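For reference, the chains in residue letters:
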Amino acid sequence: MVTARVLPEVPAWDGTAWDIAGRVPDPELPMVTLAELGILRDVRQVPGGVTVTITPTYSGCPAMREISHDLRYRLQQAGFGEVTIRTELSPAWTSDWITPEGRAKLIRAGIAPPNSARTRKAGPIPLTLGRFERTVACPLCGSQSTQETSPFSATACKALYRCNHCREPFEYIKEI
Amino acid sequence: MSHDEAGKADSVEDDFAAHALTQDTEDHRWAFGTGFTDALEGVDTSVPVGVDGAMLATYCLMLGDDALIMSHRLQQWMTRAPELEEETAIGNIALDLLGQARMLLARSGKADGTNRNEDQLAFWRAEGEFRNVRLVERVDADFAEMLARLLVFSTWRLAQFDALRSSKDQVLAAIAAKGVKELTYHRDYAARWVVRLGDGTAESHRRMQAALAAVWPLTEELFRPHQVEADLPGVAVDVSALRAEVDVILDSVLATATLSRPAVGALAGVRGRFGRDGLHTEAFGYILAEMQSVARAYPGATW
């Protein structure tokens, strides 16, 4: 089955089902919606219902089932009949798909949004032996003097940071 | 959206969490993250024209079993890691690999026409039916051995998945493209720790070097070409071609870590059979006993 890919900014049709699906919060980051995270890829009306296409952030994302259930529940409550959920693996999710609104909401919740994902040159994938060269502003005080304390955090998509200025720990959404 | 509408939407969000718990539908269970769906729900899993479905299924088992068993061994580090940050890292790496395993096993069950799902393949196969390389089943005696295995495994798998992105099987290519991003973080994590221990104290250096020596006999097998790969031209990756790329990375890490490449022989096979052929080490039976016991004690159980 091949359907046209539609980015969140350009709903496939009048947008009602898109709006409903797009407002469903992410189970692990409930301060942002599936549309703001770029997990929601396409919503289209089909005879008797609606087909929703989603993409996992990471291969092992344990929230995919909850996301499917939440989407189905919301759309059925809104009267959209049969709801079919499709998983789309390609193109793979990138943190660049998080919208400006989503990034602002993450900062308000104390989570630093990702830097832009590096575009890879041809050839072997480079190894990073030192700390990652990225500037991460503290979401609490705004200082850019921060340091990574762990490249993994409470969920696969985040790293753990510490602010050298206000001394608070915070999480950073990794660029992938 | 106006301010009022935004406020209204927010109150709906608040209500919704409660709905998800109380308004149960037939297929929804309350516990977060415990439900299992088809990892490839809605993905076109038809086998490409000219590709042998049974052969493709076996190849998916090879790649899937590597991730499944490596993930299981990493999960055994939960509550045993030296620091909370490392436990979180190991747990997340295990989760990424489990996700890769789920998709690959699901792909396998569809490609061979048996329609076995990922659970049937993970929990109801016997030892000889598992196709993983023997590196992933080894018991880690200490943190350094885990890191040595993870460094070798993630370096090798990253090179393999990077090549697999151009597979003519679209599902494998998509799984690989996604996995590459994850494995890059896994490899960096292991490499940074190997450098830290190798270039650390005399004791950490000694133990890291000993860990490499313990793991190294299992590395040769990673580059042994297999007939299944040869029978899937354009679909499977020729692992013997990955050696140069893997060596460059490993040598660079070892040099930075002031460690030396162990000069040890490879673990032999038996009559030409290795992990990819279903031949495993003694440790493997214990993994299956642990991993499969609940599913076999309560067949068909759901929670």
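Calculation criteria
Residues numbered from 1 in each chain as written. Chains lettered and ligands numbered in written order. Predicted model: local features only at pLDDT ≥ 70, side-chain atom pairs only at ≥ 80, totals over all residues. Helix = DSSP H or I, 4+ residues; strand = E, 2+ residues; numbered from the N terminus. Expected span 1.5 Å × (residues − 1). Bend = angle between axes of the 7 residues up to and from the residue. Buried ≥ 20, exposed ≤ 12 C-beta atoms within 10 Å, placed from the backbone. Contact = placed C-beta atoms within 7 Å. Axes fitted to C-alpha atoms, helices over the stretch in contact; angles between N-to-C directions. Left-handed = near helix turned anticlockwise from the far one by under 90°. Nonpolar A, V, L, I, M, F, W, Y, C, P; charged D, E, K, R; others polar. Pairing = 2+ DSSP bridges. Core = buried A, V, L, I, M, F, W, Y, C linked by C-beta atoms within 7 Å. pLDDT = per-residue confidence, 0-100. Parallel < 35°, antiparallel > 145°, perpendicular 65-115°, else oblique.

## Notes on helix α10 (residues 283-297) of chain B
All names here are of chain B. Spanning 15 residues, α10 covers 21 Å between terminal C-alpha atoms, matching the ideal 21 Å at 1.5 Å per step. Along α10, the sharpest change in direction is near 40 degrees and occurs at M291. Along α10, the positions that sit buried rather than exposed are F284, I287 and L288. Its buried side turned inward, α10 meets α2 (53-75).

## Details of the packing of helix α5 (residues 143-164) of chain B against helix α9 (residues 243-256) of chain B
Residue and element names in this part refer to chain B. As a packed pair, α5 and α9 sit with axes 9 Å apart at the nearest point and diverge in direction by 145 degrees. For α5 against α9, the interelement crossing comes out right-handed. Two secondary-structure elements touch here, α5 through L151, T155, W156 and A159 and α9 through E245, V246, I249, L250 and V253. Of the residues in the contact of α5 with α9, the class split is seven nonpolar, one polar and one charged.

## A short note on the interface of chain B and chain A
Counting residues at the interface gives 44 residues for chain B, matched by 36 residues for chain A. Of all the secondary structure elements, the ones that give two or more residues to the side of chain B that touches chain A are α1 (3-22), α3 (84-111), α5, α6 (170-198) and α9 of chain B. Across the side of chain B that touches chain A, the residue classes break down as 18 nonpolar, 13 polar and 13 charged.

## A look at the sheet that holds strand β2 (residues 49-54) of chain A
Residues and elements named next belong to chain A. The strand order across the open sheet formed by three strands is β1-β2-β3, and the pairing between neighbours is mixed. Pairing within the sheet leaves two strands with one partner each, and these edge strands are β1 (40-46) and β3 (82-87). Shown here is a sheet whose adjacent strand axes are inclined to one another by a mean of 20 degrees, direction ignored. Note that β2 and β3 share six bridges and pair parallel. Counted as the bridge partner of T51 is T84 from β3.

## Describing the sheet that holds strand β7 (residues 169-173) of chain A
All names here are of chain A. Pairing in this open sheet of four strands is mixed, and the strands run β4-β7-β6-β5 from one edge to the other. Among the strands making up the open sheet, the edge pair consists of β4 (111-112) and β5 (146-150). Bridge count between strand β6 (residues 158-163) and β7: five bridges; the pairing is antiparallel. If you follow A159 over to β7, its bridge partner there is Y172.

## Brief notes about the nonpolar core
Ranked by size, the top nonpolar core spans 131 residues in total, and within it A21 of chain A together with L147, L151, V194 and V253 of chain B carry the most contacts. The element contributing the most residues to this core is α6 of chain B, with 15 residues. Those residues within four positions of L147 of chain B in sequence are excluded, and the remaining contacts are A190, W193, V194 and A211 of chain B.

## Things to note about the environment of L104 of chain B
Residue and element names in this part refer to chain B. Locating L104 in the fold gives a position in helix α3. With 47 residues separating them along the chain, L104 and A57 place their C-alpha atoms 8.9 Å apart. With sequence-adjacent residues up to four places away left out, L104 is seen in contact with C60, L63, G64, A67 and I175.

## Quick notes on the confidence of the model for chain A
This prediction gives chain A a mean pLDDT of 86; 91% of its residues lie at or above 70. Under a pLDDT of 50 for its full length, residues 1-14 of chain A has, in the predicted model, 19 contacts with residues more than four places off or in other chains.

## Structural notes on helix α3 (residues 64-77) of chain A
Residues and elements named next belong to chain A. Helix length check: α3, at 14 residues, gives a terminal C-alpha distance of 20 Å against a target of 20 Å (1.5 Å per residue), a fit within 8%. Of all 14 residues that make up α3, 11 are buried, and the element is covered over most of its length. Every buried residue belonging to α3 is among M64, R65, E66, I67, S68, H69, D70, L71, R72, R74 and L75, and all of these are buried. G79 lies just past α3 and shows a positive phi near 85 degrees.

## Details of the packing of α2 of chain B against α3 of chain B
Residues and elements named next belong to chain B. One way to put it is that α2 packs onto α3 with a least axis distance of 7 Å and a crossing angle of 160 degrees. Overall, the two elements α2 and α3 adopt an arrangement that is roughly antiparallel. Pair α2 / α3 crosses with left-handed handedness. Broken down by class, the residue content of the contact of α2 with α3 amounts to 18 nonpolar, six polar and one charged.

## With respect to the confidence of the model for chain B
Detailed reading of the predicted coordinates is not advisable wherever pLDDT is low. All names here are of chain B. A residue-level look at chain B finds 87% of positions with pLDDT of 70 or above and a mean pLDDT of 89. Taken together, the stretch residues 1-36 has pLDDT below 50 and engages in 17 contacts with residues farther than four places along the chain or on a different chain. The ipTM value of the predicted complex is 0.84, and its pTM value is 0.87.

## Some words on unusual backbone geometry
Cis rather than trans, the peptide bond between S90 of chain A and P91 of chain A has omega equal to 0 degrees. Following the sequence through the fold, P91 of chain A ends up in the loop between β3 and α4 (100-108). A positive phi angle is found at R167 of chain A, which is not glycine, with a value near 70 degrees. Looking at the element boundaries, R167 of chain A is found in the loop between β6 and β7. Looking at R167 of chain A, the number of C-beta atoms within 10 Å reads 10, which means it is exposed. The phi angle at T79 of chain B is positive, at roughly 75 degrees, despite the residue not being glycine.

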